[in-house]
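Structural description and commentary
One-letter residues, chain by chain:
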Amino acid sequence: MDGSVPDPSAPLQDGTSAPPAPLRVLYVDDDPALGRLVQRQLARLGFEVVLAGSGEEGLALVAAERFDVVALDHYMPGQDGITTLRAIRALDRPPPVVYVTGAQDGRLAVAALKAGAADYVVKEVQADFIELLRAAFVAAVEQVRMRRAHEAAEAEIRAARDRFEALAAERALLLREMNHRVGNSLQIIVSLLNVQASATEDGRVKEALNAARNRVSAVAQVHRRLYTSDQIATVALDQYIGSLLDDLQVSAHRDHGGITITLDADPIHIDPDRAVAVGIIATELVINAMKYAYPGGQGAVRVALKRQGERIDFAVEDDGAGMGAQMGAGKAAPKAAESGAGPSTGLGTRIVRAMSTKLGCEPTLDARATGTCVRLTFRLAEHG
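Residues numbered from 1 in each chain as written. Predicted model: local features only at pLDDT ≥ 70, side-chain atom pairs only at ≥ 80, totals over all residues. Heavy atoms only, no water.

**Points about the sheet that holds strand S4 (residues 48-52)**
- Spatially, the 5 strands line up as an open sheet ordered S4-S3-S5-S6-S7, and their pairing is parallel. Two strands bound the open sheet, and with one partner strand each, they are S4 and strand S7 (119-122). Along the sheet, successive strands turn relative to each other by an average axial angle of 20°, direction set aside.
- The sheet contact formed by strand S5 (residues 69-73) and strand S6 (residues 97-101) spans 4 bridges and is parallel. In the sheet register, Leu 72 faces S6, and the bridge partner there is Tyr 99.
- Sitting on the sheet, helix H4 (residues 106-115) touches S6 and S7, and the angle it makes with S7 is about 150°. (Pairing = 2+ DSSP bridges. Helix = DSSP H or I, 4+ residues; strand = E, 2+ residues; numbered from the N terminus. Axes fitted to C-alpha atoms, helices over the stretch in contact; angles between N-to-C directions. Contact = heavy atoms within 4.5 Å.)

Written out as C-alpha cells, the structure reads:
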C-alpha cells in the first residue's frame, strides 16, 4: 500500500475516477539530516512530507494547516515530544500522531500511547525504519477514517431515532386530538338522545332512545380514555368496563332501585376496537339483566373479566328467573330471553352476536337451576 488515500471529489468528466490524493505528513524532528532522508524516502512511496525542526514549530504548523498524520520525535530541545503530543491532541479534530524515538525504552512507548499517540516506532535508520513509518502512517489514517465513519454512522442513527421519535410524538398528538374530537362528538349525541328520551311520553320510544344512548356512550368512553391516557394503542379494559358499570349503576338506582352491579376484573389492556365490542356487549347484557332478571326489583348483577393466559373470560350473571336454553341453539322458550342476563330476542341479541363475531367467539349460556350466566371467551390479541 502506498501513501495515498481516496479523493472524495466527484468523478472526472471522462467518467474515470480521480487519482487518489497523497497522504500529507508532518515530520517533527530536530535532526535535519534524518528529516530530509525521511522526506525523500516517503516521497518515493507517494507521501507528501513537510518538515518541522521543533515541537513549537510542529504545533504551529498543525494548528495552521491540514495534515493527515504527524510523526513526532521524543527528544527535542525546548518542548519535548510528549508535551507537543498533548498540545496537538488538545486541538479541534487533531490528526493522528505516530511517536518516534531512538530510545529502546518501553516506558516512553507507554507514556506516548497514554498521551494519545496512535502508534510508536523506534528510530533505527539502518533497519526498517522507513517501512515501519509508512505502515504506521497508513494504519493511523485508516484508524481515524474508520472511527469517523463509525461516528458518522452513529450520528445518523441518532438523527434517525430522533426523527422517528418526533414523528411518533406527532402521531400520538394527532391521534389524541382525533379521539378528543370524536369523543366530544359522541358525547353530544349522547346528550341529544338523553334530551329526546326525556321529552317523549311514549314508553317504548323512551326505552329505545335510552338504549341507543347507552350504546353510543360505550363507544364514547373508549375515545375519552384514549385521549386522557398516555396509551394511545390500548385501553385498560378493566377500568373501561368499570366506568361503564358505574354509569349503569346510576341508571339502576334511578329506574331499578334494588339492583346492585358488581365487577370482578383482572388488569387487562386490549386494542380499542375490541374494547368497544366488549363494552357494548357488557352494556346490552347488564341492561337486560336489570330489566328482566328480578321482577321484584331486588338483586345482584355480577360481571367478571378474567385473564386466562392469552385468552379473556368475560361473564355477566344474575340470580334471577333464569333461562332454560343456550344462546345460539335456537331452542329457547319464547319468553326465555326476558328472564335474565341473556339479551332479548330482538336488536339486543343481534348486537351481542355481531360484537361477539368481532371478538372471534360465540356467547354461551351456562346451565344452572336459577339465574342466568352469559359467557364469552376470546383471545387477548386479535391475531394469535
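**Observations regarding the packing of helix H1 (residues 32-44) against helix H5 (residues 129-199)**
- Taken N-terminus to C-terminus, the directions of H1 and H5 make an angle of 65°; their axes are 11 Å apart at the nearest point. By the angle between their axes, H1 is roughly perpendicular relative to H5. Here H1 and H5 pass one another in a crossing that is right-handed. Two secondary-structure elements touch here, H1 through Leu 34, Val 38, Gln 41 and Leu 42 and H5 through Phe 129, Ile 130, Leu 133, Arg 134 and Phe 137.
- Residues belonging to the contact of H1 with H5 are distributed by class as follows: 7 nonpolar, 1 polar and 1 charged. (Parallel < 35°, antiparallel > 145°, perpendicular 65-115°, else oblique. Left-handed = near helix turned anticlockwise from the far one by under 90°. Nonpolar A, V, L, I, M, F, W, Y, C, P; charged D, E, K, R; others polar.)

**A closer look at the pairing of strand S11 (residues 298-308)**
- With 8 bridges connecting them, strand S9 (residues 258-265) and S11 associate as parallel partners. Residue pairing for S11: Asp 264 is matched across the bridge by Ala 304.
- Connecting the antiparallel pair S11 and strand S12 (residues 311-318) is a turn made up of 2 residues, with Gly 309 showing a positive phi of about 65°.

**Comments concerning the packing of aromatic side chains**
- Under the counting rule described, the total for this entry stands at 2 aromatic pairs.
- Each ring, one from Phe 47 and one from Phe 137, has its centre 6.0 Å from the other, and the planes form 65°; the classification is edge-to-face. On the criterion of sequence distance, the pair formed by Phe 47 in the loop between H1 and S4 and Phe 137 in helix H5 is long-range, its members being 90 residues apart. The residues Phe 47 and Phe 137 share a single accessibility class, namely buried.
- Taking 6.4 Å as the distance between ring centres and 25° as the angle between the ring planes, the aromatic pair formed by Tyr 99 and Tyr 120 counts as stacked. Remark: Tyr 120 occurs in strand S7 and Tyr 99 occurs in strand S6; sequence separation between them is 21 residues. (Phe/Tyr/Trp six-rings, centres within 6.5 Å; stacked < 30°, edge-to-face > 60°. Buried < 20%, exposed > 50% of the residue type's maximum accessible area, 1.4 Å probe, protein only.)

**Brief notes about the packing of helix H3 (residues 81-89) against H4**
- Orientation of H3 relative to H4, taken along the N-to-C sense of each, is 15°, at an axis distance of 9 Å. When the interaxial angle is binned, H3 and H4 end up roughly parallel. The way H3 lies across H4 gives a crossing that is right-handed. Between H3 and H4, the residues in contact are Ile 82, Leu 85, Arg 86 and Arg 89 and Ala 111, Ala 112 and Ala 115, respectively.
- Taken together, the residues of the contact of H3 with H4 break down into 5 nonpolar, no polar and 2 charged.

**Observations regarding unusual backbone geometry**
- You will see that Arg 93, though not glycine, has its phi angle at about 50°, which is positive.
- Along the chain, Arg 93 falls in the loop between H3 and S6.
- Overall, the relative accessible area of 56% leaves Arg 93 in the exposed class.

**Looking at the sheet that holds strand S13 (residues 364-365)**
- An order of S9-S11-S12-S14-S13 is seen for the 5 strands of this open sheet, with the pairing classed as mixed. Looking at strand neighbours, the two that pair on one side only are S9 and S13, the edges of this open sheet.
- Where S12 lies against strand S14 (residues 372-379), 8 bridges are found, and the strand directions are antiparallel. Residue Val 316 lies in a different strand from S14, and its bridge partner there is Val 374.
- With respect to the sheet, helix H8 (residues 272-292) is in contact with S9, S11, S12 and S14, its orientation differing from that of S12 by roughly 15°.

**Considerations on H1**
- Taking 1.5 Å per residue, 13 residues should reach 18 Å; H1 reaches 19 Å between its end C-alpha atoms and fits that length.
- For H1, every residue scored as buried is listed here: Leu 34, Gly 35, Val 38 and Leu 42. Across the axial projection of H1, the buried residues extend over an arc of 100°, all falling on one side. Those residues of H1 that are exposed and angled more than 90 degrees off the buried face are Pro 32 and Arg 44.
- Its buried side turned inward, H1 meets strand S3 (24-28), S4 and H5.
- If you check the start of H1, you find a side-chain oxygen 3.2 Å away from the backbone N of Ala 33, and it comes from Asp 31.
- Positioned one or two residues after H1, Gly 46 has a phi angle of 100°, which is positive. (Expected span 1.5 Å × (residues − 1). Arc of directions from axis to C-beta. Polar contact = N/O pair within 3.5 Å; in protein donor to acceptor, adjacent residues only side chain to side chain.)

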